[in-house]
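Observations on chain architecture
Residue strings, one per chain:
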Amino acid sequence: MDEKTEELRDIFIDVADDETVTESQADTHGSLSSETEVDERLHDAVADMRDRLEFDTDLDDDELAAVVKQFYAGESDAEIAERFDDLDADAVARTRFDLHLLREADTDVPFDVDRLRELRETDATPGELAEELGASRDVVHRCARALDTRAEIRSVNDRYRAEFENALRDRELSERLTSTVHEDGLDEATEGQETDIDF
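Residues numbered from 1 in each chain as written. Predicted model: local features only at pLDDT ≥ 70, side-chain atom pairs only at ≥ 80, totals over all residues. Heavy atoms only, no water.

In terms of nonpolar packing, the biggest core is built from 26 residues, with Leu42, Met49, Val68, Leu99 and Phe164 touching the most fellow members. For this core, the elements supplying multiple residues, two or more each, are α2 (35–52), α3 (61–72), α4 (77–81), α5 (89–98) and α9 (159–190). Leave out the neighbours within four places in its chain, and Leu99 touches Val46, Met49, Phe55, Leu64, Val67, Val68 and Phe164. If you look at the next biggest cluster of nonpolar residues, it comprises 13 residues, including Phe111, Leu119, Ala130 and Ala144. (Core = buried A, V, L, I, M, F, W, Y, C linked by side-chain atoms within 4.5 Å. Buried < 20%, exposed > 50% of the residue type's maximum accessible area, 1.4 Å probe, protein only. Helix = DSSP H or I, 4+ residues; strand = E, 2+ residues; numbered from the N terminus. Contact = heavy atoms within 4.5 Å.)

The complete set of buried residues in helix α6 (residues 113–120) reads Val113, Leu116 and Leu119. Down the axis of α6, the smallest arc covering the buried residues is 115°, so these residues share one side. Of the surrounding secondary structure, the elements contacted by the buried residues of α6 are α7 (126–133) and α8 (137–155). If you check the start of α6, you find a side-chain oxygen 3.0 Å away from the backbone N of Asp114, and it comes from Asp112. (Arc of directions from axis to C-beta. Polar contact = N/O pair within 3.5 Å; in protein donor to acceptor, adjacent residues only side chain to side chain.)

And the structure:
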């Protein structure tokens, strides 16, 4: 501690009547989202979806929240499935539909999607749809499910995906700001210092 710092410390002790120079930091209200808060927000959004909409998945709310995070982290259905014991990629896709999480590939099909919409208004069976469109039943069913999911998303004004994205965006912002604060704090602390190292 140099002479000037010692003088400042002595002045502080005289004024504050306390020998403690630093103060412990506490969490303040209104702080950006921690990982736990993000998980809670995702869990609440998923629970609300399950109450209001029809779900096919057997996953619980915590597992569904994990699927949301993995989807937004850019993981494929196969990669997400690897994190669960009893799920394959198709089951993850069905879970995504429940959660209103769509991929471009869901409607990237070798037939006219508008034609599928028209045919679905008839009494055509899944086999007849597949034959008419020249695709497998699985591909036709998946595309039809994606179209139903899009309609459901519109019916709720896309509120759930917005909630997911807001929670995750707050976490990313918090991480960026924390990183910036650490970098800036270090830069300021070392600014103007000379390093004298003898080897």
